[in-house]
Amino acid sequence: MKIIGINAFHADSSACILVDGKLIAAVEEERFNRIKHWAGFPIESIKYCLEETNLTISDIDQISINIDPKANYLKKIFFLLKHRPSLNLILRRLKKKKKYKSIGEIINLEFNKEKFKGKINNIEHHYAHLSSAFHVSPYDEACILSVDGFGDFASTAWGYGTNTDIKIENKIYFPHSLGIFYQALTQFLGFKNYGDEYKIMGLAPYGKPKYVEKLRDVILIKNKGNFELNLDYFKFHKEDFNYRWEDGKIEIEDLYTKKILDLLGPEREKDEPLKDFHRDIAHSTQKVYEEIFLNILNNLYDKYQNKNLCIAGGCGMNSVANGKIKNNTKFENIYIQAAAGDAGGAIGAAYATYFQNKNRQRKFQMKHAYLGTSFSEIQILDCLKNNQEKIENQKCNYNKISNNNELSKIVAKDISEGKVIGWFQGKMEWGPRALGNRSILGDPRRSDMKDILNLKIKRRESFRPFAPSILREHVSEWFENDDEVPFMMKVYQIKESKRSKIP
């Protein structure tokens, strides 16, 4: 059985391929076209998956996409009758949905010398998220949670996974969304690009919880893990709201109404210097987010009494909140795969399709994220030779070092002298995090290293953090929690006694 899973016509367009239940390759389209969070059809990703498996499109049995226009249909009808959104909003969303019906046509157009003869499957968005985590996790049974902005008219789903089966117990439906709450406050703080939420997560530790009580009026905790947005503060659900993507680039207007300005104060302009007020809003946003998130998890544990947990969805990328699960719930084992967001839905769509046959067994566990493209030594040398005079009019000098031990010593010495290393090896990481194969390395013992990396190399905001890399056997010496974090999806505190050593 050969299945291609895709996330298409949605942010972080991507594709993966399963061969007899094993994940062979997975990659995001942005890695080919270099447009971050690209939202079109992942044709280059599909081509890569086929090349990696020496298959043609005619060899593929099924193509599965992580969206189902028919899902939650009655909930959509009820919402339309109750809220009566603008006609333009309805027509635009209907027009967008039509694109999902043309997958076979797109495939056959792109592969005009071959013919796709298989079946196309639509998998409900949050079911695909849950599958993307549970079906590649190390657990035979686990509590499962998906949290994001929206997908198929829902923002949150939770339940229980057993072997290959996934049971969804509850959902939070449009227009209520923890992801939208976080995104709206991200916009309020002047970070308007799609996917900027991680900036709030990085800014939050510099602030204080001064606005927590006010933000508790924006999103409300309910019983049994439920929550609701106070819709007086939002406009995305009722006006002719502008959410569009042109040529794969996503643009979203502000999600909130002016009432949030009355509650919190003036919004930050895009290039306005950060003030304590902005840091306090970020801190308070993260804290309220964590309250809702942990409330869901505690109710989920109470229901199933299993200490294994799988998390997916865009909110699963909030590694700060994830790092607080062990100390604030009874969950002990937490798995979040490397592309928890919408890109990962491609994997979920593929596995959900594969396990529609109940007789199939799980054969794959995602222990690493090195599933993307790689380059041969000849290709790398050709690139260096061809670009010797092209890098900012400076000569690109290079040496070839064949001995890995010698290479490691040279790199370690350079790092110890304050130099910054671009480390490039093997297959590219699946998901948004640099995990060692496409990474920037610096010395954590230098107090000025964060500024060097942010200002000179990454050219980004000074508050943005970096992740530590550590040998597994030494984790307990340096961190307050001893845990596996292979995909940079949990943030744990450094022991106080060690903090001065790695500022």
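Residues numbered from 1 in each chain as written. Predicted model: local features only at pLDDT ≥ 70, side-chain atom pairs only at ≥ 80, totals over all residues. Heavy atoms only, no water.

Caption draft 1: The arrangement of the overall build of the chain in detail. The secondary structure content of the chain amounts to 18 helices and 16 strands. Scaling as 2.2 N^0.38, a compact globule of 503 residues should have a C-alpha radius of gyration of about 23 Å, and the chain matches this with 23 Å. The buried share among the 503 residues of the chain stands at 50%. For the chain, the proportion of contacts with a sequence separation of at least 24, taken over those separated by at least 6, is 69%. For the chain, the accessible area works out to roughly 25,000 Å², and carbon and sulfur atoms hold 49% of it. Charged side chains of the chain number 78 positive and 65 negative; the gap between the two group centres comes to 1 Å. (Helix = DSSP H or I, 4+ residues; strand = E, 2+ residues; numbered from the N terminus. Rg over C-alpha atoms; globule rule 2.2 N^0.38 Å. Buried < 20%, exposed > 50% of the residue type's maximum accessible area, 1.4 Å probe, protein only. Contact = heavy atoms within 4.5 Å. Areas by Shrake-Rupley, 256 points an atom, 1.4 Å probe, with all protein chains shown as cover. Lys, Arg positive; Asp, Glu negative; His and termini not counted. Charge placed at Lys NZ, Arg CZ, Asp CG, Glu CD.)

Caption draft 2: Looking closely at the sheet that holds strand S6 (residues 141-151). Strand order in the open sheet formed by five strands is S8-S7-S6-S13-S14, and the pairing between neighbours is mixed. Because the sheet does not close on itself, it has two edges, and the strands there are strand S8 (165-173) and strand S14 (333-335). Sheet twist, expressed as the average angle between the axes of neighbouring strands with direction ignored, equals 20 degrees. Relative to S8, strand S7 (residues 154-162) runs antiparallel, the two being bridged by eight bridges. Paired with Thr156 across the bridge in S8 is Ile172. The strands touched by helix H11 (residues 276-304) within the sheet are S6, S7, S8 and strand S13 (308-312), with S6 carrying the most contacts at an inclination of about 145 degrees. (Pairing = 2+ DSSP bridges. Axes fitted to C-alpha atoms, helices over the stretch in contact; angles between N-to-C directions.)

Caption draft 3: Examining the packing of aromatic side chains more closely. Counted according to the given criterion, the structure contains 20 aromatic pairs. Between Tyr335 and Phe487 the ring centres are 6.4 Å apart and the planes differ by 85 degrees, which places this aromatic pair in the edge-to-face class. Taken together, the positions of Tyr335 in strand S14 and Phe487 in the segment after helix H18 (475-478) put the pair 152 residues apart, joining distant regions of the chain. With respect to class, Tyr335 is no different from Phe487; both count as buried. Pairing Tyr351 with Phe355 gives two aromatic rings, centres 5.9 Å apart and planes at 20 degrees, and the pair type is stacked. Each member of the pair Tyr351 and Phe355 is classed as buried. (Phe/Tyr/Trp six-rings, centres within 6.5 Å; stacked < 30°, edge-to-face > 60°.)

Caption draft 4: Representation of the pattern of salt bridges within the structure. Scanning the entire structure with this criterion turns up 31 salt bridges. Across the pair Arg216 and Glu291 runs a salt bridge, and its minimum N-O distance is 2.4 Å. Of this pair, Arg216 sits in the loop between helix H9 (212-215) and strand S9 (219-221) while Glu291 sits in helix H11, placing them 75 residues apart in sequence. For Arg216, a relative accessible area of 32% puts it in the partly exposed group. Across the pair Asp276 and Arg279 runs a salt bridge, and its minimum N-O distance is 3.0 Å. Of this pair, Asp276 and Arg279 both sit in helix H11, three residues apart, which is roughly one turn of that helix. In this structure Arg279 comes out as partly exposed when scored by relative accessible area, which is 24%. Through salt bridges with shared partners, a single ionic network connects Asp196, Lys199, Glu461 and Arg464. (Salt bridge = Lys/Arg side-chain N within 4 Å of Asp/Glu carboxyl O.)

Caption draft 5: Molecular detail of a negative patch on the surface. A cluster of acidic side chains, namely Asp20, Asp59, Asp61 and Glu114, defines a negative patch on the protein surface. With respect to the element layout, Asp59 can be found in the loop between helix H2 (43-53) and strand S4 (62-65). Here Asp59 falls in the partly exposed class, since its relative accessible area comes to 33%. (Patch = residues over 30% accessible without salt bridge, like charges linked within 9 Å, V, L, I, M, F, W, Y side chains within 5 Å.)

Caption draft 6: The sheet that holds S4, seen in detail. Strand order across the open sheet formed by five strands is S3-S2-S1-S4-S5, with mixed pairing between neighbours. Edge positions in the sheet fall to strand S3 (22-28) and strand S5 (119-122), since each has one partner strand and no second. Taken pair by pair, the neighbouring strands of this sheet meet at an average axis angle of 20 degrees, ignoring direction. As paired strands, strand S2 (residues 14-19) and S3 are joined by six bridges and run antiparallel to one another. Each bridged residue has a counterpart across the sheet, and for Val19 the counterpart in S3 is Lys22. Across the sheet, helix H5 (residues 103-110) is in contact with strand S1 (2-7), S4 and S5; its angle to S4 comes to roughly 125 degrees. Relative to the sheet, helix H14 (residues 345-354) contacts S1, S2, S3, S4 and S5, its axis offset from that of S2 by approximately 30 degrees.

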